[in-house]
Amino acid sequence: RLLTMEPLTDASVKEESPPALQKRNRIFALISIVHFFGPLSYTILSVFFPKEADDRGVDEVTVGWIFGVFELTVVVFTPVALAMIQRVGARK
């Protein structure tokens, strides 16, 4: 019941015990933190990588390809990872 897609109503919140509500809040907080720091790591990379690549003699086109292939990899493998999670299932 913690990860269902049904909307929260006052009645459904009151039905949950405090530990279940705390678990739901922890899951929400963890997902929020992951969604904040995930893109942040890519942003940090995009700030420092071009300068480091230039110092090592890598041209701008190659740097563009590196960032492009990285994003393409994310787009391709995100559905694969989601399918694997659904097939294996969450461990309790």
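Residues numbered from 1 in each chain as written. Predicted model: local features only at pLDDT ≥ 70, side-chain atom pairs only at ≥ 80, totals over all residues. Heavy atoms only, no water.

**Some thoughts on the overall build of the protein chain**
Consideration 1: For the protein chain, the helix and strand inventory stands at three helices and zero strands.
Consideration 2: The buried share of the protein chain, reckoned over its 92 residues, is 7%.
Consideration 3: Taken as a whole, the protein chain presents about 8,100 Å² of accessible surface, with 70% of it coming from carbon and sulfur. (Helix = DSSP H or I, 4+ residues; strand = E, 2+ residues; numbered from the N terminus. Buried < 20%, exposed > 50% of the residue type's maximum accessible area, 1.4 Å probe, protein only. Areas by Shrake-Rupley, 256 points an atom, 1.4 Å probe, with all protein chains shown as cover.)

**So, the pattern of salt bridges**
Note on pairing: side chains with opposite charge can pair once their charged atoms come close.
Consideration 1: Tallied over the entire structure, the rule returns two salt bridges.
Consideration 2: Residue Lys51 pairs with Asp55 through a salt bridge whose shortest N-O separation is 3.0 Å. Of this pair, Lys51 and Asp55 both sit in helix 2 (residues 18–55), four residues apart, which is roughly one turn of that helix.
Consideration 3: Notably, a salt bridge pairs Arg56 with Glu52, separated by 2.7 Å at the nearest N-O pair.
Consideration 4: Arg56 sits in the exposed class, given a relative accessible area of 63%. (Salt bridge = Lys/Arg side-chain N within 4 Å of Asp/Glu carboxyl O.)

**Considerations on the packing of aromatic side chains**
Remark: the centre distance and the inter-plane angle together describe each pair of aromatic rings, the angle taken between the planes.
Consideration 1: Applying the stated rule across the entire model yields two aromatic pairs.
Consideration 2: Seen from their ring centres, Phe49 and Phe67 are 5.7 Å apart, and the 80 degrees between their planes marks the pair as edge-to-face. In this pair, Phe49 is assigned in helix 2 and Phe67 in helix 3 (residues 60–88), connecting sequence segments 18 residues apart. (Phe/Tyr/Trp six-rings, centres within 6.5 Å; stacked < 30°, edge-to-face > 60°.)

**Quick notes on the packing of helix 2 against helix 3**
Consideration 1: Remark: helix 2 packs on helix 3, axes separated minimally by 10 Å, with the N-to-C direction vectors making an angle of 155 degrees. As judged from the angle between their axes, helix 2 and helix 3 are roughly antiparallel. For the pair helix 2 and helix 3, the sense of crossing is right-handed. Within the contact between the two elements, helix 2 uses Tyr42, Leu45, Ser46, Phe49, Pro50 and Ala53 and helix 3 uses Val63, Ile66, Phe67, Phe70 and Glu71.
Consideration 2: By residue class, the composition of the contact of helix 2 with helix 3 is nine nonpolar, one polar and one charged. (Axes fitted to C-alpha atoms, helices over the stretch in contact; angles between N-to-C directions. Parallel < 35°, antiparallel > 145°, perpendicular 65-115°, else oblique. Left-handed = near helix turned anticlockwise from the far one by under 90°. Contact = heavy atoms within 4.5 Å. Nonpolar A, V, L, I, M, F, W, Y, C, P; charged D, E, K, R; others polar.)

**Focus: helix 3**
Consideration 1: With 29 residues, helix 3 extends 41 Å from end C-alpha to end C-alpha; this agrees with the ideal 42 Å at 1.5 Å per step.
Consideration 2: Roughly 30 degrees is the biggest bend found in helix 3, and it falls at Phe77, with proline Pro79 one to four residues downstream.
Consideration 3: Backbone geometry just after helix 3 places Gly89 at a positive phi near 90 degrees. (Expected span 1.5 Å × (residues − 1). Bend = angle between axes of the 7 residues up to and from the residue.)

**Digging into the confidence of the model for the protein chain**
Consideration 1: Across the protein chain, pLDDT averages 80, with 78% of residues at or above 70.
Consideration 2: Averaged pLDDT values for the elements of the protein chain fall to 56 in helix 1 (residues 10–15) and rise to 88 in helix 3. (pLDDT = per-residue confidence, 0-100.)

**Focus on a nonpolar patch on the surface**
Consideration 1: Together, Ile33, Phe36, Phe37, Leu40, Ile44, Val47 and Phe48 make up a nonpolar patch on the protein surface, roughly 710 Å² of accessible area in all.
Consideration 2: Structurally, Ile33 can be placed in helix 2. (Patch = residues over 30% accessible without salt bridge, like charges linked within 9 Å, V, L, I, M, F, W, Y side chains within 5 Å.)

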